[in-house]
Amino acid sequence: MEILNYAFMQRALIAALIVGVTAPAIGIYLVQRRQALMGDGIGHVALTGVGLGFLLNTSPIWVATAVAIAGSVVMELIRWYGKTRGDLALAMLFYGGMAGGVMLMNLSDAGSNANLGTYLFGSITTVSPQDMTTIYMLAALVLAITIGLRRQLFAVCQDEEFARVTGLPVRLLNLLVAVTAAVTVTVAMRVVGLLLVSALMVIPVAAAQQISRSFAVTFSVAVAIGVAVTLTGTTTSYYVDVPSGATIVLFAIGVFVLFTGLAAPLAKKRARAAAEASKGCTLEVPGDRTVTDDVSVSG
């Protein structure tokens, strides 16, 4: 294939594959916690890290990772303690992160509107070998947490009170989910961009939930969808010359619409199967039953 003859496209496809796996892997826990937009908020905060990286003439990805992790910790603290004004505090954090990133980017010598756009909306063809090393390391961390601790994380995301009763460190695990989401945002920002990364965390999971009720199956299907749309979107962006991030997200939405259309027929099929199974378990009273068959209790 022509697309594989170029080193930058080889890196782009590998990065897309990694993001296609990691984003839904953490996204399933965010959806379970009803925090689907958390990735979007972290993306806003991470932009400050990108701007700071340019200002300090160092790796924007590593600085963005540090800033995003700090932002995710603050978000969790606000969720724990900000009972009344938490939403206002989060809003200021998100918008402040975006404004800070734009300001720092313009103050730096290497920053420009073009650089800002590649991080906001993704520019997968500009992924460098140094970026790939960082992506490998961060992705390995994300997968180790989301797969290795899947039982504990699922328990906490499903029912915090039950998890607390069973002895799980609920706050620590919640914080771990937030930090892992922050790391995933920085892994994916060169592929789909900080403004679109939340979509890749949420949409594949939402699509998988249309056809599955099992956590394990939903996890597997969501990752498969993520890989499919990132690879397809990257390839399409190369041949059609369109932005990779937007293309990937639009493909993901298309898969969600398709799976939603399949959900109703699958639900009917499951209902028929359940009805057939219940027929085999029906208890029938013999027609020749007599009064002497009754069980009585005498005083």
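Summary of the structure given here. (Residues numbered from 1 in each chain as written. Predicted model: local features only at pLDDT ≥ 70, side-chain atom pairs only at ≥ 80, totals over all residues. Heavy atoms only, no water.)

1. Points about the nonpolar core
By size, the foremost hydrophobic cluster in this structure holds 82 residues, and its most contacted members are Tyr29, Ile42, Val50 and Met201. When residues in this core are grouped by element, the largest group, 14 residues, is from helix α1 (residues 7-32). Excluding anything up to four places from it in sequence, Val50 contacts Pro60, Ala64, Met105, Tyr119, Met189 and Leu194. (Core = buried A, V, L, I, M, F, W, Y, C linked by side-chain atoms within 4.5 Å. Buried < 20%, exposed > 50% of the residue type's maximum accessible area, 1.4 Å probe, protein only. Helix = DSSP H or I, 4+ residues; strand = E, 2+ residues; numbered from the N terminus. Contact = heavy atoms within 4.5 Å.)

2. Observations regarding the packing of helix α3 (residues 60-81) against helix α9 (residues 170-188)
Where α3 contacts α9, the axes come no closer than 8 Å and their chain directions differ by 145°. Between α3 and α9 lies a crossing of right-handed hand. Residues Ile61, Ala64, Thr65, Ala68, Ile69, Ser72, Val73, Glu76, Arg79, Trp80 and Tyr81 of α3 form the contact with α9, whose own contacting residues are Arg171, Asn174, Leu175, Ala178, Val179, Ala182, Val183 and Thr186. Across the contact of α3 with α9, the residue classes break down as twelve nonpolar, four polar and three charged. (Axes fitted to C-alpha atoms, helices over the stretch in contact; angles between N-to-C directions. Left-handed = near helix turned anticlockwise from the far one by under 90°. Nonpolar A, V, L, I, M, F, W, Y, C, P; charged D, E, K, R; others polar.)

3. Description of unusual backbone geometry
With a phi angle near 55°, Asn57 is a residue other than glycine that sits in the positive phi range. The phi angle at Asp241 is positive, at roughly 60°, despite the residue not being glycine. If you trace the backbone, Asp241 turns up in the loop between α11 (215-240) and α12 (244-279). The exposure class assigned to Asp241 is exposed, which follows from its relative accessible area of 68%.

4. Some points on the packing of α1 against α11
At a minimum axis distance of 8 Å, the contact between α1 and α11 shows a crossing angle of 150°. It follows from the interaxial angle that α1 and α11 lie roughly antiparallel. As α1 runs across α11, the sense of the crossing is right-handed. Where α1 abuts α11, its residues Met9, Ala12, Leu13, Ala16, Leu17, Gly20, Val21, Pro24, Ala25, Ile28 and Tyr29 lie against Phe215, Thr218, Phe219, Ala222, Val223, Gly226, Val227, Thr230, Leu231, Thr234, Thr235 and Tyr238. (Parallel < 35°, antiparallel > 145°, perpendicular 65-115°, else oblique.)

5. Regarding the environment of Asn57
Examined against the element boundaries, Asn57 turns out to sit in the loop between α2 (38-55) and α3. For Asn57, a relative accessible area of 62% corresponds to the exposed category. Along the sequence, Asn57 and Ser108 sit 51 residues apart, while their C-alpha atoms lie 8.3 Å from each other.

6. Here we look at the pattern of salt bridges
Going through the model one piece at a time under the given rule, you end up with two salt bridges. Note that Glu76 is salt-bridged to Arg33, the shortest N-O span being 3.0 Å. A residue pair is termed long-range when its members are at least 10 positions apart, and Glu76 in helix α3 and Arg33 in the loop between α1 and α2 qualify at 43 residues. Like Glu76, the residue Arg33 is buried in the burial classification. Of the charged contacts in the structure, one is a salt bridge between Glu161 and Arg164, with a shortest N-O distance of 3.1 Å. A residue pair is termed a helical-turn pair when its members lie 3 or 4 positions apart in one helix, as Glu161 and Arg164 do in helix α8 (residues 160-165) at three residues. (Salt bridge = Lys/Arg side-chain N within 4 Å of Asp/Glu carboxyl O.)

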